[in-house]
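Working through the structure, step by step
Letter by letter, the chains look like this.
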Amino acid sequence: MDLITALEGLAPELEKGLADARSLDALESLRVDFLGRKGRLAHIMSALPQLEPAQRPAVGQKANAVKESLTALLEERRLALEKALEAEALRRFDASLPGRLPWRGSLHPITLVTQEICDVLRGLGFDVASGPEVENDFYNFESLNMPPEHPARDMQDTLYVSDKVVMRTHTSPVQVRTMLARKPPLAVICPGKVYRRDSDLTHTPMFHQIEGLMVGENISMAHLRGILTAFVREIFGSATRVRFRPSFFPFTEPSAEVDISCCMCGGAGHLDGEPCRVCKTTGWVEILGCGMVDPAVFEAVGYAPEVSGFAFGLGVERVAMLKYGIGDLRMFFENDVRFLGQFA
Ligand code: DAH
């Protein structure tokens, strides 16, 4: 058989093969079989050197034409096949299947607890105020009855920005800012971030506090007690018992720390016969600091000596840990979605 005839036989053979090719893979094997480096066309052309030189150009031209038509056949089939595959995919597509839902985030537990506390206190008549996290020494310390060299400054492990500027160590400076801006009577709370140079299992350099302040005529310790008792019962349940323990803060006099009956064991100190790990068997947990605003603070803001008021400050992480039974402070800052998702 001469080479021209052999070449002419390729296209009809490829067409036969294409009729059975049902996938892009089958198409590719056909391409390799006919046009590949060791394919049929190459095989036929390997006989070219044995021809008379005068015959070679005609065979060469034929080979090129055949190669073009084989390529065209393959390409035509490829397009048809792709169309068919797409139509098949569409036929199988079930528009009634439920879609993949987007993953939904949720509020951070600290945000949730802050909102809840603020809601309760707003219900008791407090406005929500805020102040800067980078604070002047005057607001953070001096006006709160902590002059330079006051020993209470040591308790706070202050992060200094400069000599007279600090990262606020508590939300109490907002008391002063509020009183400088407003006249009594007033009742405000201030939620926010505070900073201390302290980092271990139970302390983080940044944490959250909520400050409270009520000033007016004849505001007494009884008001403080009534408001805080109502407040903790809203947050921790109506059976919660409240205990005021004498304490000291430079900006209040007298000062107290407030304990509530342990929300884990109900104040029994034991849970299912085991020692309660939250209150360490005492039945009480400390929840906040408070007191009657010290006259020196009123003096610093220019209030008349006849006014009276109370203040309190609480740690949001602490409330959240007690409320949700979270044992490890670090959970709040690691942002593990398996933890955060539980508050959705
Ligand atoms: N500022 C205090 C602290 O960070 C908490 C505090 C205690 C605030 C007593 C008050 C208060 O307003 O009356 O440790």
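Now for a description of the structure that goes with this document. What you are looking at is a predicted structure, and each value in this text was computed from that prediction instead of being measured. (Residues numbered from 1 in each chain as written. Predicted model: local features only at pLDDT ≥ 70, side-chain atom pairs only at ≥ 80, totals over all residues. Heavy atoms only, no water.)

1. Remarks on the overall build of the protein
The number of helices and strands found in the protein is twelve helices and twelve strands. Here the protein has a C-alpha radius of gyration of 41 Å; the compact-globule value for 344 residues is 20 Å, and the former is much larger. Principal-axis analysis of the C-alpha atoms places the extent of the protein at approximately 125 × 55 × 35 Å. Counting every position in the protein, which comprises 344 residues, the buried fraction comes to 41%. (Helix = DSSP H or I, 4+ residues; strand = E, 2+ residues; numbered from the N terminus. Rg over C-alpha atoms; globule rule 2.2 N^0.38 Å. Buried < 20%, exposed > 50% of the residue type's maximum accessible area, 1.4 Å probe, protein only.)

2. Considering helix α10 (residues 316-324)
Counting along an α-helix, one turn takes 3.6 residues, and residues three or four places apart therefore face a common direction. Residues of α10 that are buried include every one of Val316, Glu317, Val319, Ala320, Met321 and Leu322, and no others. Close packing links the buried residues of α10 with α5 (109-123), β6 (206-216), α8 (221-236), β11 (284-293), β12 (308-315) and α11 (331-334). (Contact = heavy atoms within 4.5 Å.)

3. Thoughts on the environment of Leu30
The residue Leu30 is located in helix α2 (residues 24-35) in this model. Here Leu30 falls in the buried class, since its relative accessible area comes to 14%. It is 7.6 Å that separates the C-alpha atoms of Leu30 and Leu14, two residues lying 16 residues apart in sequence. In contact with Leu30, not counting residues within four places along its chain, are Leu14, Gly17, Leu18, Ala21 and Leu74.

4. A look at the sheet that holds strand β4 (residues 165-167)
Taken in spatial order, the three strands make up an open sheet running β2-β4-β3, and their pairing is antiparallel. Each having just a single partner strand, β2 (134-136) and β3 (160-162) make up the two edges of the open sheet. Across the sheet, the mean angle from the axis of one strand to that of its neighbour is 35 degrees, orientation sign disregarded. In terms of strand pairing, β3 meets β4 through two bridges, oriented antiparallel. Note on β4: the bridge partner recorded for Tyr160 is Val166. (Pairing = 2+ DSSP bridges. Axes fitted to C-alpha atoms, helices over the stretch in contact; angles between N-to-C directions.)

5. Some points on the site of the ligand
In the region of the ligand, 15 residues are neighbours, and His170, Ser172, Arg196, Gln209 and Glu211 sit closest. Residue Arg196 places a side-chain N or O atom 2.8 Å away from an oxygen atom belonging to the ligand. Measuring from an oxygen atom of the ligand, one finds a backbone N or O atom of Phe312 at 3.3 Å. Its free accessible area being 360 Å², the ligand has 91% of it covered by the protein chains. (Near = heavy atom within 4 Å. Polar contact = N/O pair within 3.5 Å; in protein donor to acceptor, adjacent residues only side chain to side chain. Areas by Shrake-Rupley, 256 points an atom, 1.4 Å probe, with all protein chains shown as cover.)

Geometry only, nothing functional implied.
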